[in-house]
Amino acid sequence: MRRRKPFRPRKVARGALGWINRLFPRTLLGRAILIIGAPLVLVQVIATAVFYERHYDNITKRLAQAISGEVAVVIQLLGDTPGAALSSGQLNLAESVLQFDIVYEKEARLPEDPPPTDNSVLDSKLTTALAQRLVYPYQIDTVSSSNLVWIWVQLPGGVMSIRVPRSRLFSDTTYIFIGWMVGSSIVLFAVAAFFMRN
C-alpha cells in the first residue's frame, strides 16, 4: 500500500509566499513606487467612493426637493381653472424662471401602467420628494430622455404634464472633485517617481 505524503503547512506557505513575491517588482525603484502608489490608490478609491455616495445622494435629494416644491407651487397657481390659467399666460413667469414646460390636458387621466424606471438615486429621491409635497396622484419618467425629466400630475379636471430639464436635477461638482483629486495624485506620484529615479 502506497503511503500518503504528510501535509506540510510550512512548505505550502513558503510556496504561496514565493508565488506572491514573483508578482512584486524586483528593483528598488519599482518597490519604492509600489510602496508610495499602493496606499495612494487605496486612499483615492475609498475617498472617492465615500464622497461620491454621500455627496451625490445629498445633492440629488436637495435638488429633488426644490423641484417638487416648485411643482406644488405651480399647481396652487393653477387653481380650479388650470386651462384658463395656462391660456391667459399666468404661468409664463413660472415657465421662464423655473425652466418648466407645462401642458394641461383637460379631462385626461393618468395611464394605469407607470412609465419605466431604472431605480436610480434620482428616481428614488424625486419620487420621495413629490410624495411629500403633492396631494394628487403623479407619475414620473427619468429614463425616456437623457436631457429631460417628465412629471405628470392627476388634477381633478385633467392631467398636468411638466417637462423639467435634467440639468436642474444634476450637479457636476462631484465629477469636478474627482477629476481634481485624481489629477493631483497623478502629478504628485509622477514627481515622486522622477526624484526617486534620479
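Everything below is about the structure printed above this text.
No experiment lies behind these values; they were computed from the predicted model shown. (Residues numbered from 1 in each chain as written. Predicted model: local features only at pLDDT ≥ 70, side-chain atom pairs only at ≥ 80, totals over all residues. Heavy atoms only, no water.)

Student: Can you tell me about the environment of Gly158, naming the residues and giving the values?
Tutor: By the element assignment, Gly158 lies in strand S4 (residues 158-165). A sequence separation of 52 residues divides Gly158 from Lys106, and the C-alpha atoms of the two residues are 4.4 Å apart. (Helix = DSSP H or I, 4+ residues; strand = E, 2+ residues; numbered from the N terminus.)

Student: Can you tell me about the nonpolar core, naming the residues and giving the values?
Tutor: Residues Ile67, Val71, Phe100, Leu126, Ile151, Met160 and Ile162 are the most contacted members of the largest nonpolar core, which totals 26 residues. Those elements that place two or more of their residues in this core are helix H2 (28-78), helix H4 (92-98), strand S1 (101-106), helix H5 (121-133), strand S3 (148-155) and S4. Top contributing element to this core by residue count: H2, with seven residues. Not counting residues within four places of it along the chain, the set of residues in contact with Ile67 comprises Phe100, Leu126, Ile151, Val164, Arg168 and Leu169. (Core = buried A, V, L, I, M, F, W, Y, C linked by side-chain atoms within 4.5 Å. Buried < 20%, exposed > 50% of the residue type's maximum accessible area, 1.4 Å probe, protein only. Contact = heavy atoms within 4.5 Å.)

Student: Can you tell me about the pattern of salt bridges, naming the residues and giving the values?
Tutor: For the structure shown, the criterion picks out three salt bridges. The closest approach of N and O atoms between Lys125 and Asp57, which form a salt bridge, is 3.4 Å. One end of the pair, Lys125, is in helix H5; the other, Asp57, is in helix H2, with 68 residues separating them in the sequence. The salt bridge partner of Arg163 is Asp101, with a shortest N-O separation of 2.3 Å. With a gap of 62 residues between them, Arg163 in strand S4 and Asp101 in strand S1 connect regions that are remote in the sequence. Residue Arg163 is classed as partly exposed on the basis of its relative accessible area of 29%. (Salt bridge = Lys/Arg side-chain N within 4 Å of Asp/Glu carboxyl O.)

Student: Got a sec to walk through the pairing of S3? Specific residues and values, please.
Tutor: Burial within S3 is extensive, with six of its eight residues counted as buried. Pairing analysis gives four bridges linking strand S2 (residues 138-141) to S3, with the strands arranged antiparallel. Bridging from a neighbouring strand, Gln139 pairs with Trp152 of S3. In textbook terms, the turn of a hairpin is the stretch between consecutive antiparallel strands, and for S2 and S3 this stretch comprises six residues. The pairing of S3 with S4 spans eight bridges and is classified as antiparallel. Its bridge partner lying in S4, Leu155 is registered against Gly158. Hairpin connection from S3 to S4: two residues lie between these consecutive antiparallel strands. (Pairing = 2+ DSSP bridges.)

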